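Here's the letter readout for the chains.
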Amino acid sequence: AVDNVSFTADQGETVALLGPSGCGKTTTLRLIAGFETPDHGAILIDGENMVGKRPYERNVGLLFQHYALFPHMSVRENVAYGLKQRHWPKADIANRVVEMLALVQLDGFAERRIQQLSGGQQQRVALARVLATKPKLVLLDEPLSALDAKLREELGSDLKRILSAVGSTTIVVTHDQDEAMSLADRIIVMNRGQIDQQGSPSAIYARPATHFVASFIG
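Given the structure is predicted, the values throughout are model-derived calculations rather than measurements.

## Topic: the packing of helix 2 (residues 75–85) against helix 3 (residues 90–103)
Between two packed helices, both the angle of their axes relative to each other and the distance between the axes serve to describe the pair. Remark: helix 2 packs on helix 3, axes separated minimally by 9 Å, with the N-to-C direction vectors making an angle of 125°. Classified by the interaxial angle, the pair formed by helix 2 and helix 3 is oblique. In the packing of helix 2 onto helix 3, the handedness of the crossing is right-handed. Across the interface between the two elements, Val 75, Arg 76, Val 79, Ala 80, Leu 83 and Lys 84 from helix 2 touch Ile 93, Arg 96, Val 97, Met 100 and Leu 101 from helix 3. Of the residues belonging to the contact of helix 2 with helix 3, the class tally is 8 nonpolar, no polar and 3 charged.

## Points about the packing of aromatic side chains
Taken as a whole, this structure holds 2 aromatic pairs when the rule is applied. Both rings, one in Phe 70 and one in Tyr 81, keep their centres 4.7 Å apart while their planes meet at 55°; by these two values the pair is tilted. Of this pair, Phe 70 sits in the loop between strand 4 (60–63) and helix 2 while Tyr 81 sits in helix 2, and the two are 11 residues apart along the sequence. Look at Tyr 81 and you get partly exposed, because its relative accessible area is 31%. Ring centres of Phe 212 and Phe 216 lie 5.7 Å apart, and the angle between their planes is 15°; on these two criteria the pair is classed as stacked. Residue Phe 212 and its partner Phe 216 are located together in helix 8 (residues 211–217), separated by 4 residues, close to a single helical turn. The aromatic ring of Phe 109 is capped on one face by Arg 112, whose charged end is 4.2 Å from the ring centroid.

Conventions we followed
- Residues numbered from 1 in each chain as written.
- Predicted model: local features only at pLDDT ≥ 70, side-chain atom pairs only at ≥ 80, totals over all residues.
- Heavy atoms only, no water.
- Axes fitted to C-alpha atoms, helices over the stretch in contact; angles between N-to-C directions.
- Helix = DSSP H or I, 4+ residues; strand = E, 2+ residues; numbered from the N terminus.
- Parallel < 35°, antiparallel > 145°, perpendicular 65-115°, else oblique.
- Left-handed = near helix turned anticlockwise from the far one by under 90°.
- Contact = heavy atoms within 4.5 Å.
- Nonpolar A, V, L, I, M, F, W, Y, C, P; charged D, E, K, R; others polar.
- Phe/Tyr/Trp six-rings, centres within 6.5 Å; stacked < 30°, edge-to-face > 60°.
- Buried < 20%, exposed > 50% of the residue type's maximum accessible area, 1.4 Å probe, protein only.
- Lys NZ or Arg CZ within 6 Å of the ring centre and 35° of its normal.

Such coordinate-based values are descriptive only and should not be taken to indicate function.
See below:
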């Protein structure tokens, strides 16, 4: 599924794993998150090898493609969930929830049920829940793919603003070239389980290293 894949993500950097279906990008994300175990090699987060550690031991925040929100909970309870699991004091949880909802521009939505929200609003709640626990690494799996074109464009710029505001180190998996170009500081183009090229969006676009990269980026 992945063959000798090696890359780094610097503190505060957003890296996009870009490629067609079956190229190994989602497997790479699952390896980092701890849902798969590599046959060889290491996965270092802040200098510590994570191989053998369970997902909850890695201090990684994962935004699933379909958000995985709890429908029986309010917006506030969803955002607070990870904080309660980590035994934060009640007052700190309340303050953090207010802070996160302000960041994703959902002030006043705290008591609403998930079913009362649009797809874009649900994505903002899911993002607030991921960021609330201050993860060392944020993993986004096709974050905009479930939205229509207009919402995708609107939320794409918002997502960039939110990630910059919290200074999180982020890895985004996407098959959408525009999404990778607009969100990422660096793009890693994957093909058949390997990295074909990595570099800034402008470098990838202007100087493709292989025929595959040139055709895929367009």
